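# Observations on the three-dimensional arrangement
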Amino acid sequence: MSDQHPRHKTPYAHVLDTIAWTPLIRLNKVTAGIRTPVYGKAEFFNPGGSVKDRIGLPMIERFEAEGKLKPGGTIVEGTSGNTGVGLAIAAALKGYKCIFTMPDKMSQEKVRLLKAFGADVIITPTAVPPEHPDSYTSMAKRIAKETPGAVLADQFYNQANPEAHEATTGPELWEQTDGKITHFVAGAGTGGTITGVARYLKKKNPKIQIVGADPVGSILAEVWRSGGKTMPQGAPYKVEGIGQDKVPGTLDLALVDDFITVSDRDAFTMARRLTREEGLFVGGSAGLIAHAALSVARRVNDPDACVVTVLCDTGERYLSKLFNDEWMRENQLLDAEKVTLGQLLAAKGGQIPALVSAQPGQLVRQALGLMRLHDVSQLPVMDGAACVGSVSEQVLSVRGLEDTKVLDKTVSDVMEAPFPMVDATTAADAAVKMLGRNNPAVLVRDHGTVQGILTRSDLLQFLMAR
């Protein structure tokens with residue numbers, strides 16, 4: 001690979017000059033066992049933290065050249081957040097006002113970031129079709145039409161979008177790989193990145209494969225697979241800024257050689273792995289595309305090939321979502337933490353001894369008194385280290401009321417089946433399956449010694465807390 005394009009040797013005139021020429025970084029740990037090298041284009045190095053910084057200024061300059069945007073004018077756009085940031089940075093330097101509409105599924109970090117640049121942000125419902133008047137694209141069109149001196153950036157149809165990537169991202173990748181790139185994997189939100197880069201790379205080498213990565217729920221992969229003959233119905237998904245429920249005008253599907261569909265779970269899992277294993281703090285769309293890139297690399301299985309993916313934006317935009325374990329679990333995107341019975345027993349605490357038990361030779365009235373003293377509803381009957389039976393307050397009370405002589409019998413005369421004995425290393429989820437109507441508790445054993453008892457109530461509290 002060639003040396004990185006020289007940067008930062010002299011001062012820049014303004015922040016817009018720092019856009020582009022982002023690093024190309026090899027992925028190492030997440031590609032373990034894969035022979036094909038995979039590189040990530042680290043677009044979060046742009047000043048606004050995403051690949052969308054590349055298109056903000058070119059779109060504005062086109063409006064200026066066409067005479068549509070004049071000093072003091074307003075830029076309106078429907079955005080998932082990142083294009084808004086790219087526009088807002090350029091608008092801040094040029095003195096334009098910004099109004100952005102965003103679907104309500106987008107993270108609060110993106111909303112606050114846009115407001116930090118002085119933009120007005122209007123939140124719209126996600127679960128409406130694109131032609132609905134309340135969709136973020138329809139609302140942006142209406143605002144632009146009704147606002148004097150306003151233009152609609154229209155990233156989904158503005159050809160300055162793919163042209164910016166054809167002029168910058170494509171040439172950078174060609175130079176950074178010394179022309180050795182064999183596969184380019186990218187998502188399609190507007191389609192600007194994959195279309196612009198594909199146009200440039202295909203001109204340099206028609207054999208380069210262009211692979212689209214699409215979320216489950218987006219229609220783009222299915223439209224491509226059908227050759228445009230079908231227009232499926234989209235479904236909701238969690239990953240942001242990628243995929244569509246319509247085909248954007250800036251997306252040229254004819255340039256795409258393959259499409260890979262990726263689930264939200266796989267996308268977010270890979271984003272978290274890239275952060276924790278590679279030190280690349282990226283968002284969910286980058287995780288989705290990287291997951292697809294690794295699939296391509298496995299299939300190619302050639303150390304002389306060169307797969308390049310796009311690391312679209314910074315993970316700072318998603319701290320409240322994919323990097324929040326609670327949010328991930330609420331959305332069934334993260335497996336519940338594995339808790340052992342030993343850990344559960346240690347967390348139980350309280351004033352009750354870890355194990356309150358009866359002995360076979362004790363009287364029933366003594367066992368009842370023991371249960372009331374410690375406010376427990378059942379006791380294991382222990383003969384040394386062995387559990388030989390069990391008694392419950394409910395059964396003993398009923399039998400004692402029916403025949404008071406029962407109170408003076410020994411526990412061994414009236415005890416029921418012993419509680420199951422399980423190791424402290426057993427997963428709490430597994431113990432849940434052992435507890436039923438006829439089995440109210442389990443005994444937890446560590447290295448042959450009983451450490452305590454866990455009841456149905458204890459396990460229920462654990463499940464509710466989780």
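For clarity, every value in this text was computed on a predicted model and none was experimentally measured.

Looking now at the pattern of salt bridges. The full count for this structure, using the stated rule, is 18 salt bridges. Here E163 ties to R62 by a salt bridge, and the two come within 2.4 Å at their closest N and O atoms. On the criterion of sequence distance, the pair formed by E163 in helix α5 (residues 160-167) and R62 in helix α1 (residues 53-65) is long-range, its members being 101 residues apart. E163 gets classed as partly exposed once you look at its relative accessible area, which sits at 33%. Among the ionic pairs, E277 bridges to R273, the shortest N-O distance being 2.8 Å. Taken together, the residues E277 and R273, both in helix α9 (residues 264-278) and 4 residues apart, mark about one turn of the helix. The class for R273 is partly exposed, based on a relative accessible area of 30%. Connected through salt bridges with shared partners, the residues K41, E43, R54 and E172 form a single ionic network.

The next point concerns the environment of F419. Of note, F419 is situated in the loop between α15 (411-414) and β13 (421-423). Residue classification places F419 among the buried positions, given a relative accessible area of 5%. In the structure, F419 is positioned 24 residues away from L443 in sequence and 6.4 Å away in space, judged by C-alpha atoms. Excluding residues that lie within four positions of it along the chain, F419 makes contacts with Q378, L379, P380, C387, S390, N439, P440, A441, V442, L443 and I453.

Moving on: the packing of α5 against helix α7 (residues 192-204). Two elements in contact, α5 and α7, have axes whose closest approach is 7 Å; the angle formed by their N-to-C orientations is 45°. When the axes of α5 and α7 are compared, the pair comes out oblique. Note that α5 runs across α7; the crossing there is right-handed. On α7, the residues touching N161, P162, H165 and E166 of α5 are G192, T193, T195, G196, V197, R199, Y200 and K203.

Analysis parameters
Position numbers for residues start from 1 in each chain and track the written sequence from start to end. pLDDT decides what is reported in this predicted model: residues at 70 or higher carry local features, side-chain atom pairs at 80 or more are listed and counted, and totals for whole chains, interfaces and linings draw on all residues regardless. With hydrogens and water stripped out, all remaining heavy atoms of the structure feed into the side-chain values. Here, a salt bridge means any Lys or Arg side-chain nitrogen found within 4 Å of an Asp or Glu carboxyl oxygen. Going along the chain from the N terminus, every DSSP run of H or I of four or more residues is numbered as a helix, and every run of E of two or more is numbered as a strand. Classification of residues uses two cut-offs on accessible area relative to the type maximum, computed with a 1.4 Å probe and protein chains only: under 20% is buried, over 50% is exposed, and between them is partly exposed. For this analysis, residues touch if any pair of their heavy atoms sits within 4.5 Å. Under this scheme, a helix contributes an axis fitted over its contacting stretch, all axes are lines through C-alpha atoms, and angles between N-to-C directions fall in the 0 to 180 degree range. The labels follow the angle: roughly parallel below 35 degrees, roughly antiparallel above 145, roughly perpendicular from 65 to 115, and oblique for the rest. Left-handed describes a crossing whose near helix is turned anticlockwise from the far helix by less than a right angle; the clockwise case is right-handed.

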